[in-house]
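In case you want the letters, here they are:
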Amino acid sequence: MKLKSLVLALALVAIMPFTARADEGMWLLSLIGKNYADMQKAGFKLTAEDIYSINQNCIKDAIVGLGNEGSPFWHFCTGEIISDQGLMSTNHHCGYGKLQEHSTVGHDYLRDGFWAYSKDQELPNPGLTASILVRMEDVTDEVKAALSDDMSESERARAIKEVSDRIAKKAVEGTIYDAQVKPMFNGNQFFLFIHVIYKDVRLVGAPPSSMGKFGGDTDNWSWPRHTCDFSMFRIYTAPDGNPAEYSDVNIPLKPKHHLPVSNRELKDGDFAMVMGFPGTTDHFLTSYGLEETMNITNKLRYEIRTVKINILREEMAASQETKIKYASKYASCSNYWKYSNEQNKALKNLNTMGVKKDIERTYSVWAQGRDPKYAEALPLIKKGYAARAPYMSAISYLSEGLLQGPELLLQGFRVGRTLETYSDPKFADRKDMINERINADAEEFYKDYNEATEKRLMAALMEYVYRNMEMQFMPQFLVDADKKYKGNFEKYVDDMFAKSVFANKEAFGKFMQKPDMKKLAKDPVYLAGKGAYEKYMEVRSMIPKESADGLQRGIRNFTDGILQINKNSKLMSPDANSTIRLTYGNVKAYEPRDAVAYSYYTTLKGVIEKEDPTNSEFIVPERLKNLYNAKDFGPYANSKGELVTCFVTNNDITGGNSGSPVMDAEGNLIGLAFDGNSEAMSGDIDFEENLQRCICLDSRYFLWVVDKYAGAKNLIDEMTIVE
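Residues numbered from 1 in each chain as written. Predicted model: local features only at pLDDT ≥ 70, side-chain atom pairs only at ≥ 80, totals over all residues. Heavy atoms only, no water.

### Remarks on the overall build of the protein chain
To keep things clear, this is the line we draw: Under the DSSP-based scheme used, a helix requires at least four consecutive residues in state H or I and a strand at least two consecutive residues in state E, with every element numbered from the N terminus. What the globule rule says is 2.2 Å times the number of residues to the power 0.38, and the radius of gyration is computed from C-alpha atoms. Partly exposed residues are those whose accessible area sits between 20% and 50% of the maximum for their type, while under 20% is buried and over 50% is exposed, using a 1.4 Å probe and protein chains only. By definition, residues are in contact when any of their heavy atoms lie within 4.5 Å. Each accessible area value is a Shrake-Rupley result obtained with a 1.4 Å probe; residue values ignore everything except the protein chains displayed when judging cover. Residues scored as charged are limited to Lys and Arg (positive) and Asp and Glu (negative), so that His and the chain ends carry no count. A charge is said to be at NZ when it belongs to Lys, at CZ for Arg, at CG for Asp and at CD for Glu.
When its secondary structure is counted, the protein chain shows 26 helices and 22 strands. Scaling as 2.2 N^0.38, a compact globule of 723 residues should have a C-alpha radius of gyration of about 27 Å, and the protein chain matches this with 26 Å. Viewed in the frame of its principal axes, the protein chain has a C-alpha envelope of about 70 × 70 × 60 Å. Within the protein chain, the fraction of its 723 residues that count as buried is 58%. Taking as baseline every contact in the protein chain between residues at least 6 positions apart, the subset at least 24 positions apart corresponds to 78%. Carbon together with sulfur atoms contributes 49% to the accessible area of the protein chain, which is approximately 30200 Å² in total. Positive and negative side-chain charges of the protein chain, numbering 89 and 100 respectively, have mean locations separated by a distance of 3 Å.

### Here we look at the confidence of the model for the protein chain
In regions of low pLDDT, the predicted coordinates are not meant to be interpreted in detail. Filter applied, for reference: Confidence of the predictor at the level of single residues is given by pLDDT, which spans 0 to 100.
Residue-level pLDDT values for the protein chain average 94, and 97% of them are 70 or greater. Note that residues 1-22 has pLDDT below 50 and, in this model, 56 contacts with residues that lie over four places away or in other chains.

### A word on unusual backbone geometry
That bond from Trp223 to Pro224 is cis: its omega, 10°, falls within 30 degrees of zero. Topologically, Pro224 is positioned in the loop between α9 (216-219) and β10 (231-237). Positioned with a positive phi, Trp221 is a non-glycine residue whose angle comes to about 60°. Tracing the backbone through its elements, the reader meets Trp221 in the loop between α9 and β10. For Lys486, which is not glycine, the phi torsion reads 55° and is therefore positive.

### Quick look at helix α25 (residues 699-709)
With ten of its eleven residues buried, α25 lies for the most part within the structure. Among the residues making up α25, those that are buried are Ser699, Arg700, Tyr701, Phe702, Leu703, Trp704, Val705, Val706, Asp707 and Tyr709. At the C-terminal side of α25, Gly711 shows a positive phi close to 65°.

### Thoughts on empty space enclosed by the protein
Our working definition: Using a 1 Å grid laid over the protein atoms alone, points where a 1.4 Å probe fits but cannot get out form a cavity; open sets with protein on both sides within 12 Å along at least 5 of 7 lines form a pocket; any residue with an atom within 4 Å of a point counts as lining. Grid points are joined across faces, edges and corners, and a volume is the space filled by probe spheres set on the points. Under this grouping Gly is polar, as are all residues other than the nonpolar Ala, Val, Leu, Ile, Met, Phe, Trp, Tyr, Cys and Pro and the charged Asp, Glu, Lys and Arg.
Per the stated rule, a full pass over the model turns up five cavities of 30 Å³ or more. For the second largest cavity, the calculated volume is near 40 Å³. As for the second largest cavity, its lining consists of Glu265, Leu266, Tyr600, Tyr601, Asn638, Val644, Phe647, Asp698 and Arg700. Here the residues of the lining of the second largest cavity sort into five nonpolar, one polar and three charged.

### A word on the packing of helix α10 (residues 287-318) against helix α16 (residues 451-468)
Selection criterion: Fitting a line to C-alpha atoms yields each axis, with helices limited to the stretch in contact; the angle taken between N-to-C directions then spans 0 to 180 degrees. Small angles under 35 degrees read as roughly parallel and large ones over 145 as roughly antiparallel, with 65 to 115 read as roughly perpendicular and the rest as oblique. Crossings are classed by handedness, with left-handed meaning an anticlockwise turn of the near helix from the far one by less than a right angle and right-handed meaning a clockwise turn.
Their axes nearest at 10 Å, the elements α10 and α16 cross at an angle of 155°. Between α10 and α16, the crossing angle belongs to the class labelled roughly antiparallel. Handedness of the α10/α16 crossing: right-handed. Across from Glu303, Ile304, Val307, Lys308, Ile311, Leu312, Glu314 and Glu315 in α10, the residues of α16 making contact are Ala452, Thr453, Arg456, Leu457, Ala460, Leu461 and Tyr464. Grouping the amino acids of the contact of α10 with α16 by side-chain chemistry returns nine nonpolar, one polar and five charged.

So this is what it looks like as structure tokens:
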């Protein structure tokens, strides 16, 4: 629901109900029946059980959360099963890292695309996981039974973890499933999620990056778009149908449900729903938290990453090998580099700060005379954010500038700490195993590493941090470097690399033949990485515990207050937290500003119009131009003879929804969600119903590329296509 509605609601009668909006909210599937009437009004034609059921096959059985083996419950993207043989579609940028891992100069799948014309050509991806929800359950009462109001926040957190682990363990005993209890509404509710997690996920197909990333950073977070943002994978199981690690004997998944793919023409106003695994939203954020987000988190992330982005662009433009090595890392860095800047613009343009302050004024009126915890919430929140502000700024510099900016510092520290730990004689029996793991990790690290690029990044980012961060938080190695090298950080880094065993693969390999702990203890990369990490942890520990606990308690009670205000009047959806959600709305054009009106769809004509052979973001493959010029659109053209590329809806989405299926009123796949629009980048904090748009790849463009461009008839034949 829209928090800004609270202003009007409380101004009128103190606790009047909010006005419901069918196009806003990331809804929990097990409660979707409560939204059913609104969904029908928007055009939905199925039943609530067609979406979520534990007794029959349903749409949820076709929705996939993509994760990594170490953290399978944190889903970086969403996919959907589109055949009875486990074929899955997701976004190109979701599969980008795997395309990069499989690419070489001789077989550049980023540049040329990849297509498996038979299953034996599909490529394995160790570590990639695919999760499908089995069922979910509200366990709030069971968790809260272990809590009390006189607990400290750390005691509360321990109690929640203990009871949550116990609930999850009991829920999956004797099964092939995995489970996790997740908090909702900032710790006011708790839900159990049970998943089946598949570990053999193989790459099937993807267009070249000139199509899959068409528009690059220029078009990112904006409309109109013409990006062919899809890739395809297949989920495999053991012969008995259970999850299994990669093996030649594995077979394609036989899913409980797969989505039919629509080849129908869309119209403005058509029903559209999105199911997926959105990452994080913060719709209950106060003005105090918003100030931190805008003036520290977003501002510093954008400024520091700009230094990194500019260097990577130059290095990647100069060498195809470097471009391949850094492609995925650049994409990861640039995505939220632009997001941070665009979100700040939207927050300012939409006066979100004013909205939040209005909410807080009226909330305070409501809180008077009620449980003191409600009246205390906002003062605690204000105090907590104020107390941690200088530390959060330093944390951003240390994290973005030193630990995540250059790669080698953190790598050197991790390896060095591991070697130091296991050099103790009591671990002698593990020495060979540890060294084997370190060498395997190093092989992976140096595969996508360029020494010259890393030196440029390290020197520039170290200097930027030193010139801009408050000196009281500065790591000592930067202070010493500035003094010894008279501010010349390039010379400092040159000397570091000349002396470090981590500088390149060859030097590290030689060191690992006979690790010398005395040499490691003096290694400049290891010492700098250790200094940066220890300073980062030190600054985190400097945040006053009392104010931090108060902030957490204040946020929880403020959110509880909002829930109490609305408990008898309307439904509210919890913030996204990488658990499966549904959002519904309509295909919808919009007018972002005076004298500007956008259609709800784009066509292949726009790709040709944007072509710029001198700009890597707007290269158009020759085959695509030939097909366009011949108007060879097959059965995928609309009634005007156009090939639609993308469309927009007013669905509420965020990061993690990338690759999510966009479905029509009958549950058919009409597109893949892949972006939001810059005019409403405030949406993760405050949904703007007039401007918020979900940018989607049209299923007909997807089908046309697979069929006409790639000639992958094998994939077309196994899909259920709805005409």
